[in-house]
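Single-letter residue listing:
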Amino acid sequence: MKLTIGHLYPDLLNLYGDRGNIQCLMKRCQWRGIEAETKTFEINDAIDFSSLDIVLLGGGSDREQKLVCSKLKRIREDFRQYVEDDGVVIAICGGFQLLGNYYATDDGVIEGLGLIDLETEQGKGYRLIDNIVLRSDLVSMPVVGFENHGGRTNIKKNKPFGKVIYGSGNDAQSGYEGVVYKNVIGTYLHGPLLPKNPQVCDYLIQKALERKYRKPVALAKLDDTQEEEANAYIYNRFKGKTSRPQKQEQLV
Amino acid sequence: MMLRRIAAVWASKAAAKICKLLGKQGVTWAGKIALMIDPDILSHLAGAVREKIFVVCGTNGKTTTNNLLCAALEAQKKKVVCNHTGSNMLNGCAAAFVLQAGWNAKLDADYACIEVDEASALRIFPHFRPDYMILTNLFRDQLDRYGEIDITMNLVRDAMNLAPGMKVIVNADDALSAFVTMESGNPYVTYGIGEKVFEESINEIKEGRFCKKCGAKMEYHFYHFSQLGDYYCSACDFKRPYIRYNASMIETGDHLAFTVEGRRITANYRGFYNIYNILAAYAAAREAGFALENFQEVLDAYRPENGRMEHFLIRGTQIILNLAKNPAGFNQNISAVMEDKRKKDIIILINDNDQDGTDVSWLWDVDFDRFCADNINSIVVSGIRCQDMRLRLKYVDIPSELEPDVEKAIRERIANGCKNLYVLVNYTGLYSTHNILKKIAGESK
């Protein structure tokens, strides 16, 4: 079996650690004898979505997102078909925001892909920056990561990725984080997300294989002791505590 | 008023002494207490500096550059105020002046060399206007504090605008630093490495792939490391500026050498990035009017300390302690370690305290796969986030041992290692690890 991962626009969207998600997807395929290949697309490249099994859309600064969004219109229809056809997508941070209709910043509105009915507005006062812990229906382990976003996202009637145990989540109010739509996960979690959450990584791999080979797939078990210990450390450190993101100027 | 100032100085000095007795780094407290008692003390003491005030700003290389500049000025028989330890926020900066003042709250200093945190510059410059700023580079670092590198750039530019007469001595090879400097409108002068040094650049995450001026893609004639190199915009006129202090005929490896203004300069330690530190200090002192005939002597006498390529020899084990706190710095560290062809043990300590940055995602942007070599004897991971570090190495197929207690890790490697040990630590591990090494060195004397 073989999976092809499409890494979208790492030339612009490569904030902290996205490379770790790619590395994790690749390794967890290869350790099981599944062939894995990553295709990198820069901003002016044409993308053949039918050749891709997993799409990773990473995070970037607000300024860089603006540069990306001006180019996104060209791929919007192909991307939508891929998503509607159960294509697997993991969109992190800025990538999560771009899945939605728009991101309204103080400097203007960044138009999104409109693949999922969600919207983001720039928060007042401060960015939501802290470790974060979730419970997600998709996996049995807690989901741990780090969030760092100025935007507050309203996922409307969509299903969230997880319930916030510690941290702020989509908008610091709803108690939920991220979004799940078909085989798309959008989330603010980096850290990076996948290495410390191997079950989320395997969920993506399994969905991608089942879609590609049109049959149920059971992934071989890996020795995840180190992953589980890293995950448990964060979970135990923050569970039961209250996150208080600080105003950035207080830290200066 | 004078009484209040004297009280501030005495209280501050006492606080620093007490912290020292307790084995704690007390500089920040000393500064905080001084400013609480006399909010004007920093502007007053800075105003007493007879000649010029330098600040050193930028992501990496601040402490080494600043200490080198201080050493160069002291070699000219000047009295210099300097925050040697690298406490570079408002309190640490105030402490540098206060602790150097006499018990009568008078300061006797010709120059000040103050390293300043990129974000804190905005809080410090209202107290005094520096004459010069060295801007070393801007890399992604502590994004949990700044949010995004664009925000850091804006903070630095705003600080420059607070001191419009301040001349910026800027690293021309860094497009981000050069852009910020030009955008500020401040007078500036450049230093850099004009020639191509490396045949291939490592596969690093690079900042600023797109022109900050117009948004088009940046092109490079060559890279030195990270985004440093000879850049030009594919669409507009933004490009690497003319280099006033240009280092040429570069040698790098087990020692460093380069030529600037017709002078051959050598240093007996590793780390290509140190060429920038030396060059920046050189350029700054030259700008202030010094001929610097004795600069080589200054370098020869300079001993890296405070965990910047700091050497220890303990029971036959050679130990180098070095700070590695962000991807650009860590990648340069890995280059320096790998230039040593002997067998080696490595201890990596990763903390996630506030001063380190609470987000350790950056570990995945470091090219650790370059540690996959025959001459790596062992890797031990330590510190608060040792498990993240171990996982990071697992995903490039490099096994490591977990030992959260760095003192145990160091003692074990001295006893059972291959006698050549590198200890790479991020910020808050630096002071404690330095003290642990001093302590162990003391025991074996």
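Residues numbered from 1 in each chain as written. Chains lettered and ligands numbered in written order. Predicted model: local features only at pLDDT ≥ 70, side-chain atom pairs only at ≥ 80, totals over all residues. Heavy atoms only, no water.

**Focus: the overall build of chain B**
Each helix and strand in chain B was counted, giving 15 helices and 17 strands. Relative to the compact-globule value of 22 Å for 445 residues, chain B shows a C-alpha radius of gyration of 22 Å, a close match. Expressed along its principal axes, the backbone C-alpha trace of chain B runs to roughly 65 × 60 × 45 Å. Considering only intrachain contacts with a sequence separation of at least 6, the fraction spanning at least 24 residues in chain B is 70%. When the accessible area of chain B is evaluated, it comes to approximately 16,300 Å², of which 52% is carbon and sulfur surface. (Helix = DSSP H or I, 4+ residues; strand = E, 2+ residues; numbered from the N terminus. Rg over C-alpha atoms; globule rule 2.2 N^0.38 Å. Contact = heavy atoms within 4.5 Å. Areas by Shrake-Rupley, 256 points an atom, 1.4 Å probe, with all protein chains shown as cover.)

**Some words on the side chain of D388 of chain B**
Of note, D388 of chain B is situated in helix α13 (residues 386-394). The exposure class of D388 of chain B is buried, given its relative accessible area of 3%. Within polar-contact distance, the side chain of D388 of chain B engages the side chain of K196 of chain A at 2.5 Å. Polar side-chain contacts of D388 of chain B include one of 2.9 Å to the side chain of R385 of chain B. D388 of chain B has contacts with K196 of chain A together with V360 and L363 of chain B, leaving out every residue within four places of it along the chain. (Buried < 20%, exposed > 50% of the residue type's maximum accessible area, 1.4 Å probe, protein only. Polar contact = N/O pair within 3.5 Å; in protein donor to acceptor, adjacent residues only side chain to side chain.)

**Structural notes on the state of the cysteines**
Residue and element names in this part refer to chain B. Following the criterion strictly, the structure yields 0 disulfides over all chains and no others. Free of any disulfide, C70 has its nearest neighbouring cysteine sulfur in C82, separated by 4.0 Å. No disulfide involves C214; its nearest neighbouring cysteine sulfur is the one of C233, lying 3.5 Å away. In this structure C214 comes out as partly exposed when scored by relative accessible area, which is 40%. (Disulfide = S-S within 2.5 Å.)

**Notes on helix α15 (residues 427-443) of chain B**
In a regular helix each residue adds 1.5 Å, so 17 residues correspond to 24 Å; α15 of chain B covers 25 Å between its end C-alpha atoms and thus fits that length. Along α15 of chain B, the residues that are buried comprise G429, L430, T433, H434, I436, L437, I440 and A441 of chain B. (Expected span 1.5 Å × (residues − 1).)

**What to know about the packing of aromatic side chains**
All names here are of chain B. If you walk through the whole model with that rule in mind, you get 26 aromatic pairs over all chains. Ring geometry for Y111 and F290: centres 5.7 Å apart, planes at 55°, overall tilted. Placement of Y111 in strand β3 (residues 111-115) and of F290 in the loop between α10 (273-287) and α11 (295-301) is noted, with a sequence separation of 179 residues between them. Residue Y111 is classed as buried on the basis of its relative accessible area, which comes to 4%. Classification of F290 by relative accessible area gives buried; the value is 9%. An aromatic cluster is built from F139, F198, F225, F272 and Y276, whose rings are joined through pairwise contacts. Looking at K32, its charged tip hangs above the ring of W29, at a distance of 5.9 Å from the centre. (Phe/Tyr/Trp six-rings, centres within 6.5 Å; stacked < 30°, edge-to-face > 60°. Lys NZ or Arg CZ within 6 Å of the ring centre and 35° of its normal.)

**Quick look at the sheet that holds strand β5 (residues 167-171) of chain B**
Residues and elements named next belong to chain B. Here 9 strands make up an open sheet; going across it, the order is β2-β3-β1-β4-β5-β6-β9-β10-β11 and the pairing mixed. Lying at the two open borders of the sheet, with one neighbouring strand each, are β2 (80-82) and β11 (263-267). Taken over all neighbouring pairs, the strand axes of this sheet differ in orientation by 20° on average, direction set aside. Here 5 bridges tie strand β10 (residues 256-260) to β11, and the two strands are oriented antiparallel to one another. When the sheet's bridge partners are listed, V260 is paired in β11 with R263. Against the sheet, helix α4 (residues 62-74) engages β1 (53-57), β2, β3 and β4 (132-135), with an angle of about 170° to β3. Where helix α5 (residues 90-100) meets the sheet, its contacts fall on β2 and β3, and the angle it forms with β2 comes to roughly 140°. (Pairing = 2+ DSSP bridges. Axes fitted to C-alpha atoms, helices over the stretch in contact; angles between N-to-C directions.)

**Some details on the environment of A415 of chain B**
All names here are of chain B. By the secondary structure assignment, A415 is in helix α14 (residues 406-416). For A415, a relative accessible area of 56% gives the class exposed. When the C-alpha atoms of A415 and R264 are compared, they prove to be 41 Å apart, with 151 residues separating the residues in sequence.

**So, the nonpolar core**
One finds Y9 and F79 of chain A together with F330, F368 and F371 of chain B to be the most contacted residues of the largest nonpolar core, which totals 149 residues. It is α10 of chain B that provides the largest number of residues to this core, a total of 11 residues. Built from parts of two domains, this core gets at least three residues from each of domain 1 (2-301) and domain 2 (310-443) of chain B. The contact partners of Y9 of chain A, leaving out residues within four places of it in the chain, are F41, E42, I43, I47, L57, V68, L72 and I75 of chain A. Listed in part, the 54 residues of the second largest apolar core include L42, C93, I124 and L135 of chain B. (Core = buried A, V, L, I, M, F, W, Y, C linked by side-chain atoms within 4.5 Å. Domains from an automatic or database assignment.)

**Details of the pattern of salt bridges**
Under the criterion given, the structure shown has 48 salt bridges over all chains. Between D367 of chain B and R19 of chain A there is a salt bridge, with its nearest N and O atoms 2.9 Å apart. Here R19 of chain A lies in helix α1 (residues 18-30) and D367 of chain B lies in the loop between β14 (344-349) and β15 (376-382), a pairing that spans two chains. Across the pair, R19 of chain A and D367 of chain B agree in class, each one buried. In this structure, the salt-bridge partner of R385 of chain B is D388 of chain B, at a minimum N-O distance of 2.9 Å. (Salt bridge = Lys/Arg side-chain N within 4 Å of Asp/Glu carboxyl O.)

**Observations concerning the interface of chain A and chain B**
In many analyses, interface size is given as the accessible surface area lost on bringing the parts together. Counting residues at the interface gives 42 residues for chain A, matched by 45 residues for chain B. Buried area between chain A and chain B, summed over both chains or domains, comes out near 4,000 Å², and the portion from carbon and sulfur atoms is 48%. Remark: the boundary between chain A and chain B carries 8 salt bridges. The residue R209 of chain B makes a salt bridge to E42 of chain A at a minimum N-O spacing of 3.4 Å. Looking at the side of chain A that touches chain B, the elements with two or more residues in it are α1, α2 (62-84), β8 (128-135), β9 (143-149), α4 (193-196), α6 (225-238) and α7 (248-251) of chain A. (Buried area = accessible area lost by both parts, 1.4 Å probe.)

**Structural notes on unusual backbone geometry**
Residues and elements named next belong to chain B. At S226, a residue that is not glycine, the phi angle is positive and equals roughly 45°. Mapped onto the elements, S226 comes out in the loop between β7 (218-225) and β8 (228-233). Backbone geometry places R315, a non-glycine residue, at a positive phi of 45°. Among the structural elements, R315 can be located in the loop between β12 (310-314) and β13 (317-323). Among the residues examined, R315 registers a relative accessible area of 46% and is labelled partly exposed.

**Focus: the packing of α1 of chain A against helix α5 (residues 198-213) of chain A**
Residues and elements named next belong to chain A. Relative to each other, α1 and α5 sit at 70°, their axes nearing to 10 Å. With respect to each other, α1 and α5 are oriented roughly perpendicular. Residues C24, L25, R28 and C29 of α1 touch α5, and the partners they reach there are P198, C201, D202, L204 and I205. (Parallel < 35°, antiparallel > 145°, perpendicular 65-115°, else oblique.)

**Quick notes on the domain arrangement of chain B**
All names here are of chain B. By domain assignment, chain B separates into domain 1 (2-301) and domain 2 (310-443). The centre of domain 1, based on its C-alpha atoms, is set 26 Å off from the matching centre of domain 2. The contact between domain 1 and domain 2 buries some 1,900 Å² in all, and 43% of this surface belongs to carbon and sulfur atoms. Our count for the domain 1 to domain 2 interface comes out at 1 salt bridge. Across the pair R140 and D365 runs a salt bridge whose closest N-O atoms are separated by 3.2 Å. The interface formed by domain 1 and domain 2 contains 6 residue pairs in polar contact (both at pLDDT 80 or more).

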